[in-house]
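Chains, contacts and geometry: an overview
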Amino acid sequence: MTHHVDETGYEEHDPREHQTYDQLRATPEFTELRRRYAAFVVPATLVFILWYLLYVVLSNWAPGFMGIRVIGNINVALVFGLLQFVTTFGIAWLYARYMNRAVDPLARDLEARFSGGTR
Amino acid sequence: MNTQALTASLFIAVVLLTVGITFWASRQSSGAADFYAGGRSFSGFQNGLAVSGDYMSAASFLGISGLIALNGYDGFLYSIGFLVAWLVALLLVAELLRNSGRYTMADQLAYRMRQRPVRTAAATSTVVVSIFYLLAQMVGAGALVTLLLDVQSESLKALTIIGVGLLMIFYVTVGGMKGTTWVQIVKAVLLMTGTVLVTVLVLAKFGFNLSELLGAAAQNTGKGQPFLEPGLKYGANLTSQIDFVSLAIALVLGTAGLPHILIRFYTVPTAKAARTSVLWAITLIGSFYLMTLVLGFGAAALLDTGAESKVATSGGNLASPLLAEAVGGGAGSTGGAVLLALISAVAFATILAVVAGLTLTSASSVAHDLYATVFKKGAATEKDEVRVARVAAFVIGAVAIGLAIPAQKLNIAFLVALAFAVAASANLPSILLNLFWKRFNTRGATWAIYGGLVSCVVLVFFSPVVSGSETALFTQANWQWFPLSNPGIVSVPLGFFFGWLGTITSREPEAEEKYVELEVRAFTGAGAEAAVHH
């Protein structure tokens, strides 16, 4: 449990564990887990970063558009800002739902094999 | 009872409450996992509250509503960056870090790299980020107390800073992570309750009509519609616009690199609980920022925000407490006095909780990364390590007190933005490259951290924040050549660039081989640290 440093300066790891990790990484289930994680996270990250940058750019360089009033004193800038809240809540919720359904079962299965393999 | 006496007694109540919690928590803590990670036994919801408690600092509560009160819409841009940033933490960092680390930010690097160089680098940036952040909170505490007690005295400010410093040392040395986490939870509940109360009272003044509130704000400030549109603070010219983009980058990428936020993910038993923590944190922090919008515009609508007003001279920091006084019935009324005292006490609790979290983070990193691994080469016992962490908390507390007293003229928002910039430039690149790039290695990690850290600090030193402008630290001197006040747009790419350059100029088969372990562990939780059962 403690962090012994061997002469080479690395953390000491159990070689049997290393073997199990190696085997798990080579399984089709692990490849599938990585693929599923990336399938959600890569596009979602691109979307929220670009969406946020669009908001920053418009705030800076499109004051006319942002100043258009929608209802009463509520203008496009405020609606756009509030939409950033909506998308943040939405993406977080979708991510949790997706991970629960598509990724967690695979992770649980692989983790169980690891516990079995090193005991 | 007058306002000052009421405020003072509520402040004392907050102190007694948190001290009581700390003693209670200390009786349930024993080993290193308890001290550093609260035994990893907090639930996702509890940790979600604690994460929110760590994140909603005085800069958020007092700073953002103040910025909105003074600059209108442009203050709101901060809240959005601070919130969207949580998606980076949720999607890319929280769960993977929970599975691959133990106590500190450095753990997941040290898992596959040469321990001494990467732990030294990560501990350095942890301490630097935490000290900037600590200074901001302590300077804020000093200003808050003197302004609220209406005594303009330098010695009272210094006394407050010393008092806050001693309290944070106490929370950390006695309560460890368990005590600190409970202080955060209580603070988050107090802050949310206080904020909901004032928000509802403000909205009630305008018949729960947001449009009417905005109209009143535009009219009362005399700035008209531009007050409700972006551009008042950052729209002046191309430099200020690029400065805004730079700030936006630092805000959105900084959160997932803040050490005191990262180590919170170790306090839960599983990666799934870490995910739940972030979901709760996003919900609470998001609702909180929506309410600060109402508080900020409410202050603009109901208070005097002219150049000579108390709101303006405090840099906006007193907008929320004074707004509470106004909606409670105004100055001199009982309701006003009670609400002013209540919101001030909440702000004080906020500061105390955040400084405790920061001190614990730095002390843990000094003990676990520097002492146990770099000096003792892993031969220190857990008991020794925790003892050193307690000593480190004393030293860091003393250093923070020593720096905060002369730093009282520094702008709080600047210090926090700087902490975010360092976190985004020095920490985030090494964390992401380590988790997702097999080839990444020791030289890459140390270059990423030192490269991001040094470029950040150097650019700020040559920025208009430090010299050569009217609002600079040194108004008399001028060595400024870097035009932006936030370095993020340059230093974040530099952090990633140095990480890449260090990696491709060195070969380290061990790090690549161990990446297999790191990757499987991070994604599946296989072999991850388990909760401690008492």
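Just so it is clear, the model here is predicted, and its values are computed rather than measured.

1. Describing the overall build of chain B
- Regarding its fold elements, chain B presents 20 helices and 0 strands.
- Taken against the 2.2 N^0.38 rule, which gives 24 Å for 534 residues, the C-alpha radius of gyration of chain B at 22 Å falls within 12% of a compact globule.
- Its C-alpha atoms give chain B principal-axis dimensions of roughly 70 × 55 × 45 Å.
- Within chain B, buried positions represent 65% of all 534 residues.
- Put simply, of all contacts in chain B between residues at least 6 apart along the chain, 80% involve residues at least 24 apart.

2. Concerning the overall build of chain A
- When helices and strands are counted, chain A shows 4 helices and 2 strands.
- Against the compact-globule benchmark of 14 Å for 119 residues, chain A has a radius of gyration of 23 Å, which places it well outside the compact range.
- Projected onto its principal axes, the C-alpha coordinates of chain A cover approximately 65 × 35 × 20 Å.
- Taking all 119 residues of chain A together, 26% fall into the buried category.
- Considering only contacts in chain A between residues 6 or more positions apart, those separated by 24 or more positions represent 57%.

3. Remarks on the nonpolar core
Residue and element names in this part refer to chain B.
- L323 and V422 are the most contacted members of the largest nonpolar core, which has 231 residues in total.
- Broken down by element, the residue count for this core peaks at 25 residues, all from helix α15 (residues 334-375).
- Each residue touching L323, except ones within four places of it in the same chain, is listed here: V198, V202, L295, G298, A299, L302 and L303.

4. Some details on helix α2 (residues 28-61) of chain A
Residue and element names in this part refer to chain A.
- Here α2 spans 49 Å end to end across 34 residues, near enough to the 50 Å set by a 1.5 Å rise per residue.
- The largest bend along α2 reaches roughly 25° and is located at A38.
- Within α2 the residues assigned to the buried category are F30, L33, Y37, F48, Y52, Y55, V56, S59 and N60.

5. So, the packing of helix α1 (residues 15-26) of chain A against helix α20 (residues 509-524) of chain B
- Interaxial distance between α1(A) and α20(B) falls to 9 Å at its minimum, and their mutual angle equals 70°. Considering their axes alone, α1(A) and α20(B) lie roughly perpendicular with respect to each other. Our pair here, α1(A) against α20(B), has a crossing hand that is left-handed. Facing α1(A), whose interface residues are A:H18, A:Y21, A:D22, A:L24 and A:R25, α20(B) presents B:V516, B:E517, B:E519 and B:V520.
- Residues of the contact of α1(A) with α20(B), tallied by class, amount to 4 nonpolar, 1 polar and 4 charged.

6. Focus: the interface of chain B and chain A
- Listed as interface residues are 52 residues of chain B and, on the opposing side, 50 residues of chain A.
- Those elements that provide at least two residues to the side of chain B that touches chain A are α5 (73-100), α7 (115-148), α9 (210-220), α10 (238-254), α12 (271-302), α15 and α20 of chain B.
- Counting residues per element, the side of chain B that touches chain A draws most heavily on α5(B), at 11 residues.
- Residues that form the side of chain B that touches chain A fall into these classes: 30 nonpolar, 13 polar and 9 charged.

7. Focus: the environment of B:R264
Residue and element names in this part refer to chain B.
- Considering the arrangement of structural elements, one finds R264 in the loop between α11 (259-262) and α12.
- Judged by the 32 C-beta atoms lying within 10 Å of it, R264 falls in the buried class.
- For the pair R264 and A37, spaced 227 residues apart in sequence, the C-alpha separation works out to 7.5 Å.
- Setting aside anything within four residues of it in sequence, one finds R264 in contact with N47, A50, V51 and D54.

8. Brief notes about the confidence of the model for chain B
Residues and elements named next belong to chain B.
- Confidence along chain B averages 90 in pLDDT terms, with 99% of residues attaining 70 or more.
- When the elements of chain B are averaged for pLDDT, helix α13 (residues 310-313) gives the smallest value, 82, and helix α19 (residues 488-504) the largest, 97.
- Two summary scores accompany this predicted model of the complex, namely pTM at 0.93 and ipTM at 0.93.

9. With respect to the packing of helix α4 (residues 58-71) of chain B against α5(B)
Residue and element names in this part refer to chain B.
- For the pair α4 and α5, the least separation of the axes is 6 Å and the interaxial angle reads 145°. Judged by residue contacts, S60, I64, L67, I68 and N71 of α4 engage D74, G75, F76, Y78, S79 and F82 from α5.
- When the residues that make up the contact of α4 with α5 are grouped by side-chain class, the tally is 6 nonpolar, 4 polar and 1 charged.

How each quantity is defined
- Residues numbered from 1 in each chain as written.
- Chains lettered and ligands numbered in written order.
- Predicted model: local features only at pLDDT ≥ 70, side-chain atom pairs only at ≥ 80, totals over all residues.
- Helix = DSSP H or I, 4+ residues; strand = E, 2+ residues; numbered from the N terminus.
- Rg over C-alpha atoms; globule rule 2.2 N^0.38 Å.
- Buried ≥ 20, exposed ≤ 12 C-beta atoms within 10 Å, placed from the backbone.
- Contact = placed C-beta atoms within 7 Å.
- Core = buried A, V, L, I, M, F, W, Y, C linked by C-beta atoms within 7 Å.
- Expected span 1.5 Å × (residues − 1).
- Bend = angle between axes of the 7 residues up to and from the residue.
- Axes fitted to C-alpha atoms, helices over the stretch in contact; angles between N-to-C directions.
- Parallel < 35°, antiparallel > 145°, perpendicular 65-115°, else oblique.
- Left-handed = near helix turned anticlockwise from the far one by under 90°.
- Nonpolar A, V, L, I, M, F, W, Y, C, P; charged D, E, K, R; others polar.
- pLDDT = per-residue confidence, 0-100.

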